[in-house]
Amino acid sequence: MPLTSPRRSALADQVISQLRAQITSGEWPVGSRIPTEPELVEQLGVARNTVREAVRALAHNGLLDIRQGSGTYVLATSELAGVMHRRFAGADPGHVIELRIALETTAAQLAAERRTEQDLRQLDAQLARRERAWVAGDPGAFVEADTTFHMAIVAASHNDVLAELYADLGAVVRAFLRADLDTRMGPETYVDHGRLVTAIREGDGERAAAEAATHPLGCRFRDR
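Residues numbered from 1 in each chain as written. Predicted model: local features only at pLDDT ≥ 70, side-chain atom pairs only at ≥ 80, totals over all residues. Heavy atoms only, no water.

Visitor: Explain the side chain of Arg130 to me, please; I cannot follow it from the model alone.
Guide: Within the fold, Arg130 resides in helix 6 (residues 117–136). Here Arg130 falls in the buried class, since its relative accessible area comes to 1%. Within the structure, Arg130 has its side chain in polar contact with the side chain of Asp146 (distance 2.6 Å). Not counting the four nearest positions on each side in its chain, Arg130 is found in contact with Phe142, Ala145, Asp146, Phe149, Tyr190, Val191 and His193. (Helix = DSSP H or I, 4+ residues; strand = E, 2+ residues; numbered from the N terminus. Buried < 20%, exposed > 50% of the residue type's maximum accessible area, 1.4 Å probe, protein only. Polar contact = N/O pair within 3.5 Å; in protein donor to acceptor, adjacent residues only side chain to side chain. Contact = heavy atoms within 4.5 Å.)

And the structure:
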């Protein structure tokens, strides 16, 4: 008898779609814990087994991380991001830095050429958020703020392919930043990004690229 693919129930597919939408929309940010299984059962009005099947499917696709005794956390915003996170989890940190330099210098140069006033306001807001997180001495908040700041620069490049690729790389970047960030956060280890924003605002693509090239190197605090 030939093998046939098992069919997942339509209800489970609907639940998977709803949970995925919460993740991709940012309603459940990367790193956040999603509602518990009983909470999801109540919110969705479906059986526990259906919720469990949906969560496991999204975990298998790399979007969720099920941690026994702790809960289920958002790992990535897309299946490709989840694959990249698993594939490069053990990569050489130096190689990740080189990839960041390649992407971020290109994005910074394009952002200087294409940025809008709305882009500049977003960069100013994210830069201020990044600085507040550092002053507060909160490593987790700083990692999120720093990553969001760089994603805002990539968005200002107005290159959709580059933006999607960088977003998919986000989980990898966050993981390496968390590993490298010294919990003794102080003025002597802060990497200022103000000059990068100024270069983008002034439309100086060459200077913006040069500034962006130095930042991933400066993030390896433990090597200082």
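We are not done yet, so read on.
Visitor: Before we go on, may I ask you to explain the packing of helix 5 (residues 93–114) against helix 9 (residues 194–201) in this structure?
Guide: Helix packing for two helices is described by the angle between their axes and how far apart those axes are. Their axes nearest at 7 Å, the elements helix 5 and helix 9 cross at an angle of 45°. The angle between helix 5 and helix 9 falls in the class oblique. Mapping the contact onto sequence places Ala108, Ala111 and Ala112 in helix 5 and Leu196, Ala199 and Ile200 in helix 9. Partitioned by chemical class, the residues of the contact of helix 5 with helix 9 number six nonpolar, no polar and no charged. (Axes fitted to C-alpha atoms, helices over the stretch in contact; angles between N-to-C directions. Parallel < 35°, antiparallel > 145°, perpendicular 65-115°, else oblique. Nonpolar A, V, L, I, M, F, W, Y, C, P; charged D, E, K, R; others polar.)

Visitor: Help me out: how do you make sense of the confidence of the model for the chain in this one?
Guide: One rule of thumb: low pLDDT means the predicted coordinates there are not for detailed reading. Chain-level pLDDT for the chain is 84 on average; 88% of the residues reach the 70-or-more range. Element-level pLDDT for the chain is lowest in helix 4 (residues 79–88), with a mean of 76, against a maximum mean of 96 in helix 9. With pLDDT under 50 throughout, residues 220–224 is counted as low confidence; its partners more than four residues away or in other chains account for 16 contacts. (pLDDT = per-residue confidence, 0-100.)

Visitor: Can you help me understand the nonpolar core in this one?
Guide: The nonpolar side chains of a soluble globular protein tend to be buried, and buried together. In this structure, Leu19, Trp28, Leu40, Leu64 and Val74 are the most contacted members of the largest nonpolar core, which totals 17 residues. Within the residue set of this core, elements represented by two or more residues are helix 1 (10–24) and helix 3 (48–60). For this core, the leading source of residues is helix 3, giving five residues. When neighbours within four sequence positions are excluded, Leu40 is seen to be in contact with Leu19, Trp28, Ile34, Pro35, Gly45, Val51 and Val55. Core analysis: the next-biggest nonpolar cluster, separate from the first, contains 16 residues, Leu120, Ala152, Val197 and Ile200 among them. (Core = buried A, V, L, I, M, F, W, Y, C linked by side-chain atoms within 4.5 Å.)

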